[in-house]
Number of protein chains: 2
Amino acid sequence: MEFLNKIKFNTQGIVPAIVQEEKTGKVLMLGWMNKEAIEKTILTKKVHFWSRSRKKMWLKGETSGHYQLVREIYIDCDEDTLLLKVEQIKAACHKGYKSCFFRKVNSEGKLEVVEKKVFEPEEVYK
Amino acid sequence: MEFLNKIKFNTQGIVPAIVQEEKTGKVLMLGWMNKEAIEKTILTKKVHFWSRSRKKMWLKGETSGHYQLVREIYIDCDEDTLLLKVEQIKAACHKGYKSCFFRKVNSEGKLEVVEKKVFEPEEVYK
């Protein structure tokens, strides 16, 4: 995987990865990946991230079954950010929404929920 | 701007901001913003970033004229990432492409340019 050597990981050995739904163009979330997570993602075709809080690699959807099946991987001009186009099973957000960006800043500078829940977190994360 | 108090800036006082073209859904780039850059973006309607290398705020398009006119701002569930939907003047990438993600990983694990240049950098950045 020649491109792996081009990636400029930060001092913690990770890069941000934007996840976009291929079908709709919807931006679903931003995660962080180390080299191992990228390799595992390519090998399994399921998106893996590096958890900065738990300091370990994790498979997105391992608890919920809401996997992200990777279709295409892009890299930016600075080679320090990835863009993953995926097929999202059910929903990306652990709060029950399709996208993690389910809140918009309104004209008063307040946050407003602009998506409908597609699952109930209490039923999925037991 | 009530939502500014909700943002969880990192230890350097910045958050990643994904920039997406509103019209097409194309992901254009990822930048970093501090509180001041967000305020200035809202005030002027033109996207401002924090430059981590130059350690100063900058107006995207200040040299090229390729401004990003902000239309909507979203925040993610963890409140540590922003999504900006914008109208992109000409192109986002300083290398002459519409998007900074102009290269895709191909089936051999190599990078392949998948966009056409829309301007010549040497003519714009003199």
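Everything discussed here concerns the structure shown above.
Residues numbered from 1 in each chain as written. Chains lettered and ligands numbered in written order. Predicted model: local features only at pLDDT ≥ 70, side-chain atom pairs only at ≥ 80, totals over all residues.

Undergrad: Would you explain the sheet that holds strand β8 (residues 111-113) of chain B in this entry?
TA: Hydrogen bonds between backbone groups are what pair the strands of a sheet, and the pairing can be parallel or antiparallel. Read across the sheet, 6 strands follow the order β2(A)-β1(A)-β6(A)-β5(A)-β7(B)-β8(B) without closing on themselves; strand pairing throughout is mixed. Edge positions in the open sheet fall to β2 (27-33) of chain A together with β8 of chain B, since each of these has one partner strand only. When the angles between neighbouring strand axes are averaged without regard to direction, this sheet yields 35°. Looking at chain direction, strand β1 (residues 15-21) of chain A and β2(A) are connected through 6 bridges and run antiparallel. Opposite A:Val15, over in β2(A), you have A:Met33 as the bridge partner. (Pairing = 2+ DSSP bridges. Helix = DSSP H or I, 4+ residues; strand = E, 2+ residues; numbered from the N terminus. Axes fitted to C-alpha atoms, helices over the stretch in contact; angles between N-to-C directions.)

Undergrad: Honestly, the sheet that holds strand β8 (residues 111-113) of chain A in this entry has me stumped. Any pointers?
TA: Spatially, the 6 strands line up as an open sheet ordered β8(A)-β7(A)-β5(B)-β6(B)-β1(B)-β2(B), and their pairing is mixed. With one partner strand each, in any of the chains shown, β8 of chain A together with β2 (27-33) of chain B form the two edges of the open sheet. Within this sheet the neighbouring strands show an average axis-to-axis angle of 35°, counted without direction. Bridging between strand β1 (residues 15-21) of chain B and strand β6 (residues 82-88) of chain B involves 5 bridges; their strand directions are parallel. Following the sheet pairing, B:Val19 is matched in β6(B) by B:Leu84.

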